[in-house]
Amino acid sequence: ANKITGTLPTEIFTNRELCYLYVAQNFLSGTIPTELGSFPILKAFFANENDLTGSIPSTIGELSDLYELRLFDNKLTGSIPEQFTN
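Now for a description of the structure that goes with this document. Quick caveat, the model's predicted, so the values are computed rather than measured. (Residues numbered from 1 in each chain as written. Predicted model: local features only at pLDDT ≥ 70, side-chain atom pairs only at ≥ 80, totals over all residues. Heavy atoms only, no water.)

Thoughts on the overall build of the protein chain
Secondary structure summary: the protein chain contains zero helices and seven strands in total. If you list the helices and strands of the protein chain from N to C, you get β-β-β-β-β-β-β. Its C-alpha radius of gyration of 12 Å places the protein chain within 12% of the 12 Å reference for a compact globule of 86 residues. The C-alpha extent of the protein chain, read off along each of the three principal axes, is 30 × 30 × 20 Å. Counting only contacts in the protein chain whose residues sit at least 6 apart along the sequence, the fraction spanning at least 24 positions is 41%. Summed over its atoms, the accessible surface of the protein chain is roughly 5100 Å², and 50% of this surface lies on carbon and sulfur atoms. Of the charged side chains in the protein chain, 5 are positive and 10 negative; the average position of the first set lies 6 Å away from that of the second. (Helix = DSSP H or I, 4+ residues; strand = E, 2+ residues; numbered from the N terminus. Rg over C-alpha atoms; globule rule 2.2 N^0.38 Å. Contact = heavy atoms within 4.5 Å. Areas by Shrake-Rupley, 256 points an atom, 1.4 Å probe, with all protein chains shown as cover. Lys, Arg positive; Asp, Glu negative; His and termini not counted. Charge placed at Lys NZ, Arg CZ, Asp CG, Glu CD.)

Topic: the packing of aromatic side chains
Geometry of an aromatic ring pair is reported as the spacing of the ring centres plus the angle between the planes. This structure, assessed with the given rule, holds two aromatic pairs. Between Y20 and Y22 the ring centres are 6.2 Å apart and the planes differ by 10 degrees, which places this aromatic pair in the stacked class. Consider the rings of Y22 and F46, whose centres lie 4.7 Å apart with planes at 75 degrees: the pair is edge-to-face. Here the residue Y22 occupies a position in strand 2 (residues 20-22), and F46 occupies one in strand 4 (residues 44-46), the gap between them amounting to 24 residues. Exposure remark for F46: the relative accessible area of 13% places this residue in the buried category. Put simply, the rings of Y20, Y22 and F46 touch in pairs and so form one group of aromatic residues. When the ring centre of F39 is taken as origin, the NZ or CZ atom of R16, which lies over that ring, is 5.2 Å away. (Phe/Tyr/Trp six-rings, centres within 6.5 Å; stacked < 30°, edge-to-face > 60°. Buried < 20%, exposed > 50% of the residue type's maximum accessible area, 1.4 Å probe, protein only. Lys NZ or Arg CZ within 6 Å of the ring centre and 35° of its normal.)

A word on the side chain of N50
In this structure, N50 sits in the loop between strand 4 and strand 5 (51-54). N50 gets classed as buried once you look at its relative accessible area, which sits at 5%. Only 3.4 Å separates the side chain of N50 from the backbone nitrogen of F27, close enough to count as a polar contact. (Polar contact = N/O pair within 3.5 Å; in protein donor to acceptor, adjacent residues only side chain to side chain.)

A few points about the sheet that holds strand 4
Strand pairing within a sheet occurs via backbone hydrogen bonds; the two strands may be parallel or antiparallel. One open sheet accounts for three strands, arranged 2-4-6; its pairing is parallel. Edge positions in the sheet fall to strand 2 and strand 6 (68-70), since each of these pairs with one other strand and no more. On average, adjacent strands in this sheet sit at an angle of 10 degrees to one another, irrespective of strand direction. Judged from the three bridges that link them, strand 4 and strand 6 form a sheet pairing that is parallel. Looking across to strand 6, one finds that A44 is bridged to E68. (Pairing = 2+ DSSP bridges. Axes fitted to C-alpha atoms, helices over the stretch in contact; angles between N-to-C directions.)

By themselves, these figures tell us nothing about what the structure is for.
Structure, rendered in structure tokens:
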């Protein structure tokens, strides 16, 4: 944990070569940006144990290389995107 506060920085979403994004155990707030679904080679996204709100963007379900997604211990609402339930 790095005790990072605020929202996920938009600068993260300019690097299309992003493979792993670990921001777990911080104090991040706000929503998970839909832009996260536009990383064709993202393999893992760990954002557990933060204060994220809103729903899980359905665009995350379009990440064909994603093999690990950790979002527990947040304040997320709604349902799990359909792509993960099949």
